[in-house]
Amino acid sequence: MKNVYIGCDHAALEMKNMLIGHVNSLGYSVTDVGTYTSDSVDYPVYAKKVALAVREDEGSLGILICGTGIGMSIAANKVKGIRAAAVSEVYSAKMTRLHNDANIVCLGARVIGPETAKMIVEAFLSTEYEGGRHQRRVDMISEMEGI
Ligand code: RB5
């Protein structure tokens, strides 16, 4: 089973806590990097924590949640080796694993409801990268890192 790293800002504390229970119930080991209270925090801090953890732990996946999922994805994608996808529905959650080899999924706690979030996370974690013709494109993305 993959290791999963999860982080959020103050806008998404409730959704993060709910998702930790769900991901645990699916049999994954989950590491929660915070935030742990509803005090206002800066989402890039948590994006960086999850991105570095995912990069260090080969084969692991990450979940980042803020108000929209967008700030987290922009921040996490600055870290070399990270492909973070902001997703609001299940089809894209699956496709970004299959085609983009995304290693972090970003969710908007003010955009989607808890049941959609659970389904997205389940699809993201259980779908494997297809490789093949997609590898050349993923390699092209890697080559752009640090431009
Ligand atoms: C916090 O108010 C909000 O800006 C943050 O959660 C996120 O939506 C940023 O992208």
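So, here is what we can say about the structure in this document. Quantities reported herein were computed from a predicted structural model and do not represent experimental measurements.

### Digging into the sheet that holds strand 3 (residues 61–66)
Here's step 1: Taken together, the five strands give an open sheet; going across it, the order is 2-1-3-5-4, and neighbouring strands pair in parallel fashion. Looking at strand neighbours, the two that pair on one side only are strand 2 (29–32) and strand 4 (84–86), the edges of this open sheet. Taken over all neighbouring pairs, the strand axes of this sheet differ in orientation by 20° on average, direction set aside.
Here's step 2: For strand 1 (residues 3–8) and strand 2, the ladder comprises four bridges, and the chain directions are parallel. Its bridge partner lying in strand 2, Val4 is registered against Val30.
Here's step 3: Each of strand 1, strand 3 and strand 5 (104–108) is contacted by helix 5 (residues 114–126), which is oriented at about 170° to strand 5, the strand it contacts most.

### Observations concerning the packing of helix 4 (residues 90–98) against helix 5
Between two packed helices, both the angle of their axes relative to each other and the distance between the axes serve to describe the pair.
Here's step 1: Here helix 4 crosses helix 5 at 20°, and the two axes come no closer than 8 Å. Considering their axes alone, helix 4 and helix 5 lie roughly parallel with respect to each other. The handedness of the crossing between helix 4 and helix 5 comes out as right-handed. On the side of helix 4, the interface is formed by Val90, Ala93, Lys94, Thr96 and Arg97, while helix 5 contributes Met119, Ile120, Ala123 and Phe124.
Here's step 2: Of the residues that constitute the contact of helix 4 with helix 5, the class distribution is six nonpolar, one polar and two charged.

### Section: the site of the ligand
Here's step 1: In the vicinity of the ligand, the contacting residues are Asp9, His10, Ala11, Tyr43, Cys66, Gly67, Thr68, Gly71 and Arg110.
Here's step 2: Measuring from an oxygen atom of the ligand, one finds a side-chain N or O atom of Asp9 at 2.6 Å.
Here's step 3: Interatomic distance of 3.4 Å between a side-chain N/O atom of Arg110 and an oxygen atom of the ligand.
Here's step 4: For the ligand, the protein covers 71% of the area, taking 300 Å² as the surface of the free molecule.

### Regarding the side chain of Arg83
Here's step 1: Structurally, the position occupied by Arg83 is in the loop between helix 3 (70–76) and strand 4.
Here's step 2: Of the polar contacts made by the side chain of Arg83, one reaches the backbone oxygen of Asn100; its length is 3.2 Å.
Here's step 3: A polar contact is formed between the side chain of Arg83 and the backbone oxygen of Asp101, at a distance of 2.9 Å.
Here's step 4: If sequence neighbours within four positions are ignored, Arg83 has contacts with Asn77, Asn100, Asp101, Ala102, Asn103, Ile104, Val138 and Ser142.

### Focus on the packing of aromatic side chains
Here's step 1: One pass over the structure, following the stated rule, counts zero aromatic pairs.
Here's step 2: Looking at Arg97, its charged tip hangs above the ring of Phe124, at a distance of 5.8 Å from the centre.

Basis of the calculations
- Residues numbered from 1 in each chain as written.
- Predicted model: local features only at pLDDT ≥ 70, side-chain atom pairs only at ≥ 80, totals over all residues.
- Heavy atoms only, no water.
- Pairing = 2+ DSSP bridges.
- Helix = DSSP H or I, 4+ residues; strand = E, 2+ residues; numbered from the N terminus.
- Axes fitted to C-alpha atoms, helices over the stretch in contact; angles between N-to-C directions.
- Contact = heavy atoms within 4.5 Å.
- Parallel < 35°, antiparallel > 145°, perpendicular 65-115°, else oblique.
- Left-handed = near helix turned anticlockwise from the far one by under 90°.
- Nonpolar A, V, L, I, M, F, W, Y, C, P; charged D, E, K, R; others polar.
- Near = heavy atom within 4 Å.
- Polar contact = N/O pair within 3.5 Å; in protein donor to acceptor, adjacent residues only side chain to side chain.
- Areas by Shrake-Rupley, 256 points an atom, 1.4 Å probe, with all protein chains shown as cover.
- Phe/Tyr/Trp six-rings, centres within 6.5 Å; stacked < 30°, edge-to-face > 60°.
- Lys NZ or Arg CZ within 6 Å of the ring centre and 35° of its normal.

Keep in mind that these numbers describe shape and distance, not what the molecule does.
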